[in-house]
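# Residue-level structural notes
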Amino acid sequence: MTIAAYAGLPPEKTDQASVLINVARNVGGSIGMSLAQNVLAHREQFRQSRLVENASPSNVQYQEALRQATEYFVAHGSPMIQAQQQAFAWIGQQVQTQATFLAYVDVFWILTLASAACIHPTQRQAQG
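Going by what an unreviewed UniProt entry lists, the protein chain is known as Major facilitator superfamily (MFS) profile domain-containing protein and is assigned to Microvirga vignae.

Set out below in structure tokens:
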């Protein structure tokens, strides 16, 4: 891309072209990072809300996970009340970790689709 940017320029104009390319790269990178961080924050909130829907006391899998985590903490020396609190905290931490992971996957998918959309149609035809 850098070679294409300098194609056809007289040698005395390459310094100006270099400055413009660097400015465009810095501004584009800043905008791209800001958009990615924004999407990440929104997708993390969305993913967390979807995961929390399944972490309710009426959910059988939730009850089983809570029971197993409580037993784990009791087996490692915590009194029952403290073990249950640790189990609640551990489940909350797992939900947050999974929401963050899924949000990053979403951002990478969005960036993949955006990159694919940027491929010029003639390049797609030449490859196919």
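Glancing now at the packing of helix H3 (residues 60-75) against helix H4 (residues 80-117). Running from amino to carboxyl end, H3 crosses H4 at an angle of 125°, the nearest separation of the two axes being 8 Å. For the element pair H3 / H4, the angle class is oblique. Crossing handedness for the pair H3 and H4: right-handed. Of the residues in H4, those touching H3 at Tyr 62, Ala 65, Leu 66, Ala 69, Thr 70, Phe 73 and Val 74 are Met 80, Ala 83, Gln 84, Gln 86, Ala 87, Phe 88, Trp 90 and Ile 91. Among the residues making up the contact of H3 with H4, the classes are represented as twelve nonpolar, three polar and no charged.

Going through the model one piece at a time under the given rule, you end up with one aromatic pair. Geometrically, the ring pair formed by Tyr 72 and Phe 73 is edge-to-face, given 5.3 Å between the ring centres and 75° between the ring planes.

So, about the packing of helix H2 (residues 14-52) against H4. As a packed pair, H2 and H4 sit with axes 8 Å apart at the nearest point and diverge in direction by 135°. When the axes of H2 and H4 are compared, the pair comes out oblique. In this structure, the crossing between H2 and H4 has a hand that is right-handed. Across from Ala 36, Val 39, Leu 40, Arg 43, Glu 44, Arg 47, Gln 48, Leu 51 and Val 52 in H2, the residues of H4 making contact are Val 95, Gln 96, Gln 98, Ala 99, Thr 100, Leu 102, Ala 103, Tyr 104, Asp 106, Val 107 and Ile 110. When grouped by side-chain class, the residues that make up the contact of H2 with H4 number twelve nonpolar, four polar and four charged.

Within the secondary structure, Asp 106 is located in helix H4. Residue classification places Asp 106 among the buried positions, given a relative accessible area of 10%. Within the structure, the side chain of Asp 106 is placed 2.8 Å from the side chain of Arg 47, a separation counted as a polar contact. Once residues lying within four places of it in the same chain are set aside, the contact partners of Asp 106 are Arg 43 and Arg 47.

About the thresholds
- Residue positions within a chain follow its written sequence, with the count starting from 1.
- Whole-chain, interface and lining totals are the exception, using all residues; otherwise, since this is a predicted model, local features are given only for residues with pLDDT of at least 70 and side-chain atom pairs are given and counted only at 80 or more.
- Only hydrogens and water are removed before side-chain values are computed, so all heavy atoms of the structure are retained for them.
- A fitted line through C-alpha atoms represents every axis, and for helices the fit uses only the stretch in contact; the resulting angles, taken between N-to-C directions, go from 0 to 180 degrees.
- Strands are runs of DSSP state E lasting at least two residues, helices are runs of H or I lasting at least four, and both sets are numbered from the N terminus onward.
- Put simply, angles under 35 degrees are roughly parallel, angles over 145 are roughly antiparallel, angles from 65 to 115 are roughly perpendicular, and the rest are oblique.
- Two helices that cross are described as forming a left-handed crossing if the nearer one is turned anticlockwise from the farther one by less than a right angle, and a right-handed crossing if clockwise.
- Residue contacts are counted whenever heavy atoms from the two residues lie within 4.5 Å of one another.
- In the scheme used here, Gly and all other residues not listed as nonpolar or charged are polar, with Ala, Val, Leu, Ile, Met, Phe, Trp, Tyr, Cys and Pro taken as nonpolar and Asp, Glu, Lys and Arg as charged.
- Side-chain rings of Phe, Tyr and Trp, where Trp is taken by its six-membered ring, are said to pair if the distance between their centres is within 6.5 Å; with planes under 30 degrees apart they count as stacked, over 60 as edge-to-face, and otherwise as tilted.
- We call a residue buried when its accessible area falls under 20% of the maximum for its residue type, exposed when it is over 50%, and partly exposed in between, using a 1.4 Å probe and counting protein chains only.
- Counting of polar contacts relies on pairs of N or O atoms within 3.5 Å, with two restrictions inside protein: one atom must be capable of donating a hydrogen and the other of accepting it, and residues adjacent in sequence are counted only when both atoms are side-chain atoms.

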